[in-house]
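The residues making up each chain are set out below.
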Amino acid sequence: PHRLDNLTAGASRFSLGLAKKVIVADTVGAVADQVFALAPGQMTTATVWLGVVAYTIQIYFDFSGYSDMAIGLGRMFGFRFPENFRRPYSSLSVTDFWRRWHITLSNWFRDYLYIPLGGSRGSAARTGFNLVFVFLVTGLWHGANWTFVLWGLYHGFWLILERLAGWRHIDAGQHGRVWVVARRAIVLLIVMFGWVLFRARDLDQALLVWERMVVPHGEGFAPIVASLVGPWFVLCLAVGIGSFLLPGRFRAAAWLDHADRNRRAVMNGVVMLVLFPLALVLSLAGTFSPFLYFQF
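In this text, all values refer to a predicted model and were calculated from it rather than measured experimentally.

Another aspect to go through is the environment of aspartate 111. The residue aspartate 111 is located in helix α4 (residues 103-114) in this model. Separated by 2.8 Å, the side chains of aspartate 111 and arginine 110 make a polar contact.

Next up, the structure:
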């Protein structure tokens, strides 16, 4: 159906996605790219941690922004596309993460690979095999590179471990705030270590970055990276990190559609009158870069 409310809601959602991509993802992505382009001798512990945090923010804001833009464009033409992200960095388990990250791909593998293989209906060993196989294919889907293969197996390992330990289904309401924060932090660290495999150019670089993250090396940031850490970068980095710390159920995109009238009006005003013009100016200034997922 072609309705005015679809057009306006879709325009707001598209603008939110554009702002995520151009304002946040591209800004922090420049630092992430520089860190992963450094020679091994320049990779201090502070530098690699900054690069990994920046990439963690970049890939989420880039890809969720891409999805918001697609959902918004569809809505403008009367189509309702499914949500693709639901605050994945607020997950309480890796299993929970894969219910919130790239939901359409996860659902596709579940329906057309995991369930036809038997899903979790067989023995524990068979279920474990199915999980490992699905995530092996998930890694290969992203590229024929050992880093992608190992990234898939890495997540498969954590899913199996959570099944064995009984950590898959967690009711946050049964625990205190400190427990919830600790769980979110642990899962986020697991995901960040996985992103190193996903971003590194080869396995040797991934192992080096892991080593520097765990074993202190050098002092401060590499000079070329330090030159990129200006006020605008710090602001965008703070926005990205701040999104990790918001209440788990808060989603800006949902406010555009499902909040009460006053909150929806405020959110739409911020998006259309502040974020969209700023993103447009940055795009016209030539700072827009291709989406990370264009290669997959």
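It is worth spelling out the pattern of salt bridges at this point. All told, the structure shown has nine salt bridges when counted by the stated rule. As a salt-bridge pair, arginine 13 and aspartate 68 come within 2.9 Å of each other at their nearest N and O atoms. Residue arginine 13 is located in helix α1 (residues 4-36), and its partner aspartate 68 is located in helix α2 (residues 45-76); the two are separated by 55 residues in the primary sequence. One salt bridge connects arginine 199 with aspartate 33, and the closest N-O pair in it is separated by 3.1 Å. With a gap of 166 residues between them, arginine 199 in helix α7 (residues 177-199) and aspartate 33 in helix α1 connect regions that are remote in the sequence. Relative accessible area serves as the criterion here: at 22%, arginine 199 is assigned to the partly exposed category. Taken together, the shared-partner salt bridges connect Arg13, Lys20, Asp68 and Glu83 into one network.

Glancing now at helix α5 (residues 124-142). Under the 1.5 Å per step criterion, the end-to-end length of α5 is 28 Å for 19 residues, consistent within 8% with the ideal 27 Å. In this fold, the buried residues of α5 make contact with α3 (94-100), α4, α6 (146-165) and α7.

Because an α-helix packs 3.6 residues into every turn, residues spaced three or four apart end up facing the same way. Taking 1.5 Å as the rise per residue, helix α8 (residues 203-214) with 12 residues should run 16 Å; its terminal C-alpha atoms sit 17 Å apart, in good agreement. Turning to α8, its buried residues are Gln205, Ala206, Leu208, Val209, Arg212 and Met213. Along the axis of α8, the buried positions cluster into a sector of 160 degrees, meaning they face one direction only. Set apart from the buried face of α8 by more than 90 degrees, the exposed residues are Asp204 and Val214. The inward-facing, buried residues of α8 contact α1, α2 and α7. At the N-terminal end of α8, a side-chain oxygen is found 3.2 Å from the backbone nitrogen of aspartate 204, two or three residues along, and the residue is aspartate 202.

Moving on, we get to the packing of α7 against α8. Contact pair α7 / α8: the axes reach a minimum separation of 8 Å and the direction vectors enclose 150 degrees. Relative to α8, α7 is oriented roughly antiparallel. Of the two elements, α7 crosses α8, and the hand of that crossing is right-handed. In this structure, α7 uses Phe193, Val196 and Leu197 to contact α8, whose residues at the interface are Leu203, Ala206, Val209, Trp210, Met213 and Val214. Here the contact of α7 with α8 is built from residues that sort into nine nonpolar, no polar and no charged.

Thresholds, definitions, all that
Within each chain, residues carry numbers counting from 1 in the order of the written sequence. Given that this is a predicted model, residues contribute local features only at a pLDDT of at least 70 and side-chain atom pairs are listed and counted only at 80 or more, while totals for whole chains, interfaces and linings are drawn from all residues. With hydrogens and water stripped out, all remaining heavy atoms of the structure feed into the side-chain values. Think of it this way: any DSSP run of H or I at least four residues long counts as a helix, any run of E at least two long counts as a strand, and we number them from the N terminus. For this analysis, a polar contact is any N or O atom pair within 3.5 Å, provided that within protein one partner can donate a hydrogen and the other can accept it, and provided that sequence-adjacent residues contribute only side-chain to side-chain pairs. What makes a salt bridge here is a side-chain nitrogen of Lys or Arg within 4 Å of a carboxyl oxygen of Asp or Glu, nothing more. For each residue, the accessible area found with a 1.4 Å probe, counting protein chains only, is set against the maximum for its type, and the residue is called buried under 20%, exposed over 50%, and partly exposed in between. The length a helix should cover is 1.5 Å for every residue beyond the first. In this description, contact between two residues means that some pair of their heavy atoms is separated by no more than 4.5 Å. In this description, one arc is meant: the one made by directions from the helix axis to the C-beta atoms. Every angle, taken between N-to-C directions, lies between 0 and 180 degrees, and every axis is a line fitted to C-alpha atoms, over only the stretch in contact when it is a helix. Just so you know how the angles are binned, under 35 degrees is roughly parallel, over 145 roughly antiparallel, 65 to 115 roughly perpendicular, and the rest oblique. Crossing handedness follows the turn of the near helix against the far one: under a right angle anticlockwise gives a left-handed crossing, and clockwise gives a right-handed one. Classes in brief: Ala, Val, Leu, Ile, Met, Phe, Trp, Tyr, Cys and Pro nonpolar; Asp, Glu, Lys and Arg charged; the others, Gly included, polar.

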